[in-house]
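An overview of the molecular structure
Letter by letter, the chains look like this.
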Amino acid sequence: MGGFVIILIAVWLIMMAVWFGVSKVFRNSDMERMTSRLAGGKKEKKLKSTPTKTLIQQEVRAGRIGDLLRKYNLLPVLQNLIEQAGLKWDPVKLIYGCLLAFVVTFMLVWSAVPGNFKYIGLLAGFAGSVVPIFYVVRLRRQRMRRFEELFPESLEFVARSMRAGHAFSVSLEMIHKEFQEPLAGEFRRTFEEHNLGLPLDMALQKLSKRVPSLDVHFFVSAVLLQKRTGGNLAEILDKLAYIIRERFKLRGRIRAISAHGRMTGAALTCIPLAVAVLMFYVNPEYIRFFFTDDVGNIMMGIAVALQIVGYLIIKKIVQIEI
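Residues numbered from 1 in each chain as written. Predicted model: local features only at pLDDT ≥ 70, side-chain atom pairs only at ≥ 80, totals over all residues. Heavy atoms only, no water.

Another point: a nonpolar patch on the surface. Where nonpolar side chains cluster on the molecular surface, the patch consists of V277, L278, Y281 and V282 and spans about 460 Å² of accessible area. Position of L278 relative to the elements: it lies in helix α13 (residues 259-282). Overall, the relative accessible area of 54% leaves L278 in the exposed class. (Patch = residues over 30% accessible without salt bridge, like charges linked within 9 Å, V, L, I, M, F, W, Y side chains within 5 Å. Areas by Shrake-Rupley, 256 points an atom, 1.4 Å probe, with all protein chains shown as cover. Salt bridge = Lys/Arg side-chain N within 4 Å of Asp/Glu carboxyl O. Helix = DSSP H or I, 4+ residues; strand = E, 2+ residues; numbered from the N terminus. Buried < 20%, exposed > 50% of the residue type's maximum accessible area, 1.4 Å probe, protein only.)

Right under this line is the structure:
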């Protein structure tokens, strides 16, 4: 049975790859004919470098899934999440990845679980389908944490640059040459937007939207307030960098103190799941009661609900905002 499932998954993957390849060929030919008509019958070799073809392909690639995401306003949310994670993925392809993870996880669990518990594969499939989203969220969290680590030093750099006689916009340009990613890329984008004609206050506000950090909001508010009322911006940035650095140190101390509580919450959540998985293989008759009997279903539902509530309560206790 296991070998048959693996062969079935392999055949499905091959069919999907062939379908994507064939559809891409037909889509490229259609786009070439369309752009050729729009360009007045120019040669196709010249059209390959034109931006019109790229823009049209981006619209077509969205497809029905893209239309569905736009209908429920999920496409901008996924695009913002992927951008904050520092990835160049397509939101629609991310959804395809979630569907692929669902199918693979469902088939693997379906082939491994005994006959009376086959429907557990459906739950495992739903759990596996969110793994790509969790991966993007994890990358986003790591990128934002790295940004916050470099941010105080960049503020001090801007303050020193302004004391040396440089303008604030020029100091923003110098940041991406002196610092690492992701801070360098975000400030380079802010400078380029301002250099191309966008007002400085709007460019900074877009920076605060791309980087959802309280420290960045403090920075943008301080710069905009100084622009309206005047004052020594270099001194303001120095004090702001000191406050952000102290907040970062205090946050690290709190995480160290609350580490025991977070480990306790994770252990108390994983132990029942591990025991349930072991019981499936050691003594399936003992745990069959929770799936075949109505009272067992109610007891299992209450146990899962209480387990989730307990984990959320522990997480709320150990999570201290600064």
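Checked against the element boundaries, E192 lands in helix α9 (residues 183-195). For E192 and E173, which are 19 residues apart along the polypeptide, the C-alpha to C-alpha distance reads 8.2 Å.

Now for the nonpolar core. In this structure, F151, F168, F187 and F219 are the most contacted members of the largest nonpolar core, which totals 30 residues. When residues of this core are traced back to their parent elements, those giving at least two are α7 (131-163), α8 (168-178), α9, α10 (200-210), α11 (214-229) and α12 (233-257). Broken down by element, this core gets its largest block of residues, 8 residues, from α7. Dropping the residues within four chain positions of it, F187 is found in contact with F147, F151, S154, L172, I175, L207 and F219. L69, A85, I95 and L139 belong to the second-largest nonpolar core, a separate cluster that totals 10 residues. (Core = buried A, V, L, I, M, F, W, Y, C linked by side-chain atoms within 4.5 Å. Contact = heavy atoms within 4.5 Å.)

Position of L150 among the secondary structure elements: in helix α7. For L150, a relative accessible area of 10% corresponds to the buried category. In this structure, the C-alpha to C-alpha distance between L150 and F179, residues 29 residues apart in sequence, is 7.9 Å. Dropping the residues within four chain positions of it, L150 is found in contact with F179, Q180, E181 and L183.

Everything listed here is a matter of coordinates, which is why it stays silent on function.
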